[in-house]
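Spelled out from the first residue to the last, the chains are:
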Amino acid sequence: MSLRNIGHRLYQGEVSFDFVGKRKIWYSISGIIVVVAAIGLAMGLHLGIEFKGGSVYTVQKPGLSVSQAQDAANKITGDSTAVVQTTGDGKIRIQVSSEEKVSGPAFALELSKDLGVQAKDIDAQVIGPSWGQQISQKALLGLVIFMVLVTVYMAIAFEWRMALAALVALIHDLLITIGVYALVGFEVTPGTVIGFLTILGYSLYDTVVVFDTVKENTRGIAKQNKLTYSEAANHGLNQTLVRSINTTVVALLPVSALLFIGGGLLGAGTLNDISLALFIGLAAGAYSSICVATPLLAQLKEQTPEMRALAKRVAQRRAADAKAAEAAGDAPQTADEDGAEAAAVVGQRIQPVGKARSKGRPSGKR
């Protein structure tokens, strides 16, 4: 069966995966992942030189390897705290923390001797701790402003419950991504912050697309008694499922090339700063929009008096249908079959379902 055919059947309600109904499973999985990420975050982030201050030395010498530059830096500092990376243009970048007791000129002089290059060929830059603190504050401020604007937009465009669910999904993605950074020991640089904001924007976009479909499916839903809010929301989620998977896979392909080929095989360490954030964030964003945001939204909506009354009417109708079918000697209609029959409810308005339709199959009319 082709993916296109699966997508069509998901859209029509002929096939459905109960993501909303299994929300406790997704909450448990997310809880475990977030706890592990929080443990990694408690261990501390490996902040780049831009945040904690220090010196950066860029050396260009044909044939110079990262291991040679690392050995030379370790010899000068007396430890292995120096971070050595390739810049992608044949240069070697050596970062030394401001906590090191070796002065900048002395380090550059010793480095030129050990590597066999002239001191003038070493580009030295000193970054003060105060500048790094300013960068950290601005990054945090940008993140807070982004969250506030997202919440306001979602509350205006949809409703506060959707805004809350989207905000929880964004925080979920951010915690997981930062936690992975802490666990694997990747350096956090301004490029990493850009990656964080990028994946938050992507996660929000994916969530908005799902919520827009859910909004259309649940418009006027209280006027019928065949489908609960959770079932209608789950149907909307299934309608956008293939699209979400395709978008995520297409986005992950170039990011994977940056992370595994550029950063791994080619040794371009600076690519890791942003590529890991994008890779983890894109995957977490797709997961959260499907398994966290929509189930949480449905849970919040089901707690309203209107949706509780609807769920009660749906349960009463199904019980009456089952009793009537049993009395007639027919097999009672299952909830899944009833949900498929009620697929005509979704869309711009609620449409009546014909009684002559056999086995609750959708007519295909929308």
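Relevant structure appears above.
Keep in mind that what you see is a predicted model, and the values were worked out from it rather than measured. (Residues numbered from 1 in each chain as written. Predicted model: local features only at pLDDT ≥ 70, side-chain atom pairs only at ≥ 80, totals over all residues. Heavy atoms only, no water.)

Draft legend 1. Structural context of helix 4 (residues 66–77). With 12 residues, helix 4 extends 16 Å between its outermost C-alpha atoms, agreeing within 8% with the 16 Å of an ideal straight helix rising 1.5 Å per residue. Here helix 4 has its buried residues at A69, Q70, A72, A73, I76 and T77. The buried residues of helix 4 all sit within an arc of 165 degrees when viewed along its axis, so they share a single face. Counted as exposed and oriented over 90 degrees from the buried face of helix 4: D71 and K75. Within two residues after helix 4, G78 carries a phi angle of roughly 85 degrees, on the positive side. (Helix = DSSP H or I, 4+ residues; strand = E, 2+ residues; numbered from the N terminus. Expected span 1.5 Å × (residues − 1). Buried < 20%, exposed > 50% of the residue type's maximum accessible area, 1.4 Å probe, protein only. Arc of directions from axis to C-beta.)

Draft legend 2. Seen up close, the environment of D71. Tracing the sequence through the fold places D71 in helix 4. Taking the C-alpha atoms as reference points, D71 and A82, separated by 11 residues in sequence, lie 9.7 Å from one another.

Draft legend 3. Fine view of the nonpolar core. Among the nonpolar cores identified, the biggest contains 56 residues, and M154, F211 and Y229 are the most heavily contacted of them. The set of elements that each furnish at least two residues to this core consists of helix 6 (129–157), helix 7 (160–184), helix 8 (190–217), helix 9 (229–239), helix 10 (241–265), helix 11 (272–302) and helix 12 (305–327). By residue number, the principal contributor to this core is helix 11, which donates 13 residues. Contact partners of Y229, with chain neighbours within four places excluded, come to M162, V214, T218, I221, L297, A298, K301, E302, M307 and L310. By size, the runner-up hydrophobic cluster in this structure holds 18 residues, among which are I76, V84, I92 and F107. (Core = buried A, V, L, I, M, F, W, Y, C linked by side-chain atoms within 4.5 Å. Contact = heavy atoms within 4.5 Å.)

Draft legend 4. Molecular detail of a nonpolar patch on the surface. Taken together, the side chains of I32, V35, V36, I39, M43, L183 and V184 make up a nonpolar region of the molecular surface, amounting to roughly 670 Å² of accessible area. Those elements giving two or more residues to the nonpolar patch turn out to be helix 2 (23–42) and helix 7. Per-element accounting of the nonpolar patch gives the leading share, four residues, to helix 2. Structurally, L183 can be placed in helix 7. Relative accessible area serves as the criterion here: at 44%, L183 is assigned to the partly exposed category. (Patch = residues over 30% accessible without salt bridge, like charges linked within 9 Å, V, L, I, M, F, W, Y side chains within 5 Å. Areas by Shrake-Rupley, 256 points an atom, 1.4 Å probe, with all protein chains shown as cover. Salt bridge = Lys/Arg side-chain N within 4 Å of Asp/Glu carboxyl O.)

Draft legend 5. Representation of the sheet that holds strand 2 (residues 54–59) within the structure. Taken in spatial order, the four strands line up as 3-4-2-5 in an open sheet, and their pairing is antiparallel. On the outer flanks of this sheet lie strand 3 (83–86) and strand 5 (122–127), each paired with one strand and no other. Put simply, the sheet's adjacent strands are angled 20 degrees from each other on average, direction ignored. Alignment of strand 2 against strand 5, held across six bridges, turns out to be antiparallel. The residue of strand 5 that forms the bridge with V59 is I122. Strands strand 3 and strand 4 (92–97) of the sheet are contacted by helix 4, whose axis makes an angle of about 25 degrees with strand 4. (Pairing = 2+ DSSP bridges. Axes fitted to C-alpha atoms, helices over the stretch in contact; angles between N-to-C directions.)

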